[in-house]
Amino acid sequence: MKNLEKDFQQYLIYTKSASQNTLESYLRDVGYYLSYLEGKGIGDPVYVRQETIQAYAAYLDEKQHKSVATITRSIASIRCFYQFLIQSKYTDTNPAKDIHLKKEPKKLPQILTGKEIETLLQQPDAREPKGCRDKAMLELLYATGIRASEMIELDVGDINLKKSTLICSRGKNNERMIPVYPTAISAVSYYIGHIRPLMLSSEGGQALFLNLNGKRLTRQGFWKIVKGYAKLAGITKEITPHTLRHSFAIHLLENGAELKDIQIMLGHADISSTQIYLHLLNDHYKEVYNSCHPRAKLG
């Protein structure tokens, strides 16, 4: 069973080009599922039928009190696991394929206004080494819309300061080139030339962004940095690094960018993932119309 899980991990990395966050979630979900099967006396997942997976979903709901979103992701992980088993010739059926779950209302992503972005970017004190690094990270995140997990995985060679572009890779044969605006290039350039050498330890390697111990910054560390500056900026919205990614997308859309181009820059495999920003933009325009049109409140 352990070899099977290890092979599934390799499948996620090299075939599905899964991000680190997705990789960890899927492996954890499948691990819980396999433990559940063992508890039911089922040693081989190949012999599982749809009814067993439906019962597992009910177990997560009624016994573990998991949210709809968590259960949905768990089933998606299990479905992917059986896709791996099919590709590896262990089985020819996917018992998780037609599992139907109750749907949770989809929440539209939180975004920052242009003014809130400017206030946030002004918070790091670039005269200090830590502030200089943080300024470069925040500018680059908003400039490119990359994921937090992609940000911390960047190496120095991934950014071309002369051409003002960033190469973002997600697994084998899956990379995209994103333009970077001049202010962000300037912030990153100064950090690389003057601050990073002072922070770098022998364990830092080629990592672009380092923690104060000179090692590659972690996702959790970056999360805390963003939260801290949001608080300093007086922003009361619930903010994560992903908020800047959403803001990047909606601000491009507001200013005339094509949805297909945004999809490519964000690295979405499916255009439907990008289309949520159209819904968000439409809601924004409705709000503006209702609050600003002189006759919108009549009648």
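Residues numbered from 1 in each chain as written. Predicted model: local features only at pLDDT ≥ 70, side-chain atom pairs only at ≥ 80, totals over all residues. Heavy atoms only, no water.

Visitor: Tell me about the overall build of the chain, and please be specific about residues and values.
Guide: Across its full length, the chain holds 13 helices and 3 strands. Here the contacts in the chain between residues at least 6 apart in sequence split such that 60% fall between residues at least 24 apart. By element, 50% of the accessible surface of the chain is carried by carbon and sulfur atoms, the whole surface being about 17,000 Å². (Helix = DSSP H or I, 4+ residues; strand = E, 2+ residues; numbered from the N terminus. Contact = heavy atoms within 4.5 Å. Areas by Shrake-Rupley, 256 points an atom, 1.4 Å probe, with all protein chains shown as cover.)

Visitor: An account of helix α10 (residues 241-254) is requested, with residue identities and associated values reported.
Guide: Between its first and last C-alpha atoms α10 spans 20 Å; for 14 residues at 1.5 Å apiece the expected length is 20 Å, and the two agree. Of all 14 residues in α10, 11 are buried; the element is thus mostly enclosed. Listed in full, the buried residues belonging to α10 are P241, T243, L244, R245, H246, S247, F248, A249, I250, H251 and L253. Immediately downstream of α10, the backbone of G256 shows phi near 100 degrees, a positive value. (Expected span 1.5 Å × (residues − 1). Buried < 20%, exposed > 50% of the residue type's maximum accessible area, 1.4 Å probe, protein only.)

Visitor: Requested: an account of the packing of α10 against helix α11 (residues 259-266), with residues and values cited.
Guide: Following both chains from N to C, one finds α10 and α11 inclined at 160 degrees, their axes separated by 10 Å at the closest point. By the angle class used here, α10 and α11 are roughly antiparallel. Classified by chirality, the crossing of α11 by α10 is right-handed. From α10, R245, F248, A249, L252 and L253 reach across to α11, where they touch L259, I262, M265 and L266. Counted by class, the contact of α10 with α11 contains 8 nonpolar, no polar and 1 charged residues. (Axes fitted to C-alpha atoms, helices over the stretch in contact; angles between N-to-C directions. Parallel < 35°, antiparallel > 145°, perpendicular 65-115°, else oblique. Left-handed = near helix turned anticlockwise from the far one by under 90°. Nonpolar A, V, L, I, M, F, W, Y, C, P; charged D, E, K, R; others polar.)

Visitor: Report on the sheet that holds strand β1 (residues 159-160), specifying residues and quantitative values.
Guide: As summarised here, the arrangement of the 3 strands in space is β1-β2-β3, forming an open sheet in which the pairing is antiparallel. Of all strands in the sheet, those bounded by a partner on one side alone are β1 and β3 (175-179). Taken together, the 5 bridges between strand β2 (residues 165-169) and β3 define a ladder with antiparallel strand orientation. Directly across from I167, in β3, lies its bridge partner M177. (Pairing = 2+ DSSP bridges.)

Visitor: Which residues make up the pattern of salt bridges, and what values go with them?
Guide: A full pass over the atoms with the stated rule returns 12 salt bridges. Of the charged contacts, one joins E51 and R49 as a salt bridge, the two residues approaching to 3.9 Å between their closest N and O atoms. With respect to burial, E51 and R49 carry one shared label: exposed. Ionic pairing is found between K237 and E116, a salt bridge with its closest N-O pair at 2.8 Å. Taken together, the positions of K237 in the loop between α9 (219-232) and α10 and E116 in helix α5 (residues 114-121) put the pair 121 residues apart, joining distant regions of the chain. (Salt bridge = Lys/Arg side-chain N within 4 Å of Asp/Glu carboxyl O.)

Visitor: So what's going on with α5? Residues and values would help.
Guide: Every buried residue of α5 is listed here: E116, I117, L120 and L121. Here the buried residues of α5 occupy an arc of 130 degrees about the axis, which is enough to place them on one side. The inward-facing, buried residues of α5 abut α6 (129-144), α9 and α10. (Arc of directions from axis to C-beta.)

Shape is all these values report; function is a separate question.
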